[in-house]
Amino acid sequence: MSKHPSPPSHPLISFVIPLHNEASNLEWHYKHIVEFMHGKPLAYELRYVDDGSKDASLDILKKLHAQDPSHVHYVSFSRNFGKEAATSAGLQSAKGDAMVIMDGDGQHPLETVDTFIAQWQAGAQVVIGVRETNQKEGVVAKTGSKTFYQLLKMLDSDQEVVSKSTDFRLLDRQVVDEFNKLTERNRIARNLIDWLGFRRAFVPFHALERHGGEPAYSFEKRFKLALDGLIKHSTKPLKFIGGLGFIIATLSAFAAIAVIVETYLLGDPLNLSITGTGILALMLSFMVGIVLICQGLLALYLEDVFHETQNRPLFIINEKA
């Protein structure tokens, strides 16, 4: 019987840290992790990914690597490819038995990593940080986040969707190896990790204030990320169009038949006084429904193309006998 192997007694922990224009935080963040890991029976490495920064981030990474080559490693992109690409590059280069994905701005509390590691050593293969509500968070941000996760739950009932789950998480080596096999180019890393499955645990945390600098994620970028997450997580919006068309076509057809019978065959006993324009409107509604039904049928074919072009593996084996 082949089971999932237990974590090694002296594991290597890889910190995967995508960053963009974080020069004001890098040295502080590095020292913070070194102090945190000091005295722990854990080997560790820091895998920074510079996502086309315009400030001195790359120069500081080179300096940190020169000072501490055994712990600090970095990858630098030729331009800004986005956080998802940076996260993927970090996971591809990391050598650890477990990988902790975290931001480089100081908002992810290192104390939570202890809980991550404890959950991993207890058997969890994916440990997900769940952000507790921040009282300083704006109403728009709170409402948008709540709406996003409600929609996500509606669109994909096959996977467990936990509100406020974040990219701050720990991944077992086996999970990362499977993640690295996925070939999507326009990707949402957390969605792909959720799709992989494996044994999961959830750890709540309170996000801290940024140590320095300005957030790289504008409202527009957050909105695009949320929209991409919804679209790439499910094809149900395509099917919804066809369902909506069926409802519109059915209701308008029944309404048109009822009006024709009431007006022309029965002589308008209800005194509805439906004009030709009203009947035309019902017929137009019927045709709109037919068009949407056709789009829904087309969506069924697009769904097959959608899944085929993702080129994901047919299955993933966690354990076998």
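Parameters and conventions
Residues numbered from 1 in each chain as written. Predicted model: local features only at pLDDT ≥ 70, side-chain atom pairs only at ≥ 80, totals over all residues. Heavy atoms only, no water. Helix = DSSP H or I, 4+ residues; strand = E, 2+ residues; numbered from the N terminus. Buried < 20%, exposed > 50% of the residue type's maximum accessible area, 1.4 Å probe, protein only. Contact = heavy atoms within 4.5 Å. Areas by Shrake-Rupley, 256 points an atom, 1.4 Å probe, with all protein chains shown as cover. Axes fitted to C-alpha atoms, helices over the stretch in contact; angles between N-to-C directions. Pairing = 2+ DSSP bridges. Right-handed = clockwise from strand over helix to strand, strands pointing away. Core = buried A, V, L, I, M, F, W, Y, C linked by side-chain atoms within 4.5 Å. Expected span 1.5 Å × (residues − 1).

Draft legend 1. Seen up close, the overall build of the protein. The helix and strand inventory of the protein stands at 10 helices and 7 strands. Counting across all 321 residues of the protein, residues that qualify as buried make up 41%. The long-range share in the protein, meaning contacts at least 24 apart out of those at least 6 apart in sequence, stands at 82%. Roughly 17,600 Å² of accessible area belongs to the protein as shown, and the carbon and sulfur atoms make up 62% of that amount.

Draft legend 2. View of the packing of helix H1 (residues 26–37) against helix H2 (residues 57–67). Closest axis-to-axis distance for the H1/H2 pair is 10 Å, and the angle between their directions is 35 degrees. Residue-level contacts link Leu26, Glu27 and Tyr30 of H1 to Ser57, Ile60, Leu61, Lys63 and Leu64 of H2.

Draft legend 3. Up close: the pairing of strand E3 (residues 72–76). One ladder, built from 5 bridges, connects strand E2 (residues 43–50) with E3; its direction is parallel. The residue bridging aspartate 50 from the neighbouring strand is serine 76, located in E3. Between the parallel pair E2 and E3, the chain is carried across by H2, and the sense of this crossover is right-handed.

Draft legend 4. Geometry of the nonpolar core. Core analysis: the biggest nonpolar cluster contains 32 residues, and Ile13, Phe15, Ile33, Leu46, Tyr48, Val113 and Leu170 have the highest contact counts within it. Among the elements of the structure, strand E1 (12–19), H1, E2, H2, strand E4 (98–101), helix H4 (111–121), strand E6 (165–172) and strand E7 (200–205) are those that each provide at least two residues to this core. Top contributing element to this core by residue count: H1, with 5 residues. Residue contacts for isoleucine 13: discarding those within four places in its chain leaves Leu42, Ala43, Tyr44, Glu45, Ala98, Val100, Ile117 and Trp120. In terms of nonpolar packing, the next biggest core, distinct from the first, is built from 17 residues, Val16, Leu171, Ile193 and Leu196 among them.

Draft legend 5. Fine view of H1. With 12 residues, H1 ought to run about 16 Å at 1.5 Å a step, and its terminal C-alpha atoms sit 17 Å apart, in line with that. Packing partners of the buried residues in H1 comprise E1, E2, H2, E3 and H4. Glycine 39, located one to two residues past H1, shows a positive phi value of around 85 degrees.

Draft legend 6. The sheet that holds E2, seen in detail. The strand order E3-E2-E1-E4-E6-E5-E7 describes an open sheet built from 7 strands, whose pairing is mixed. A strand with exactly one partner marks an edge of an open sheet, and here the two such strands are E3 and E7. Averaged over all pairs of adjacent strands, the angle between their axes in this sheet comes to 20 degrees, without regard to strand direction. The pairing of E4 with E6 spans 4 bridges and is antiparallel. From the neighbouring strand, isoleucine 101 faces E6, where its bridge partner is arginine 169. Strand contacts of H1: E1, E2 and E3, with the helix running at about 165 degrees to E2, the strand carrying the most contacts. Docked against the sheet, H2 engages E1, E2 and E3, running at close to 150 degrees with respect to E3.

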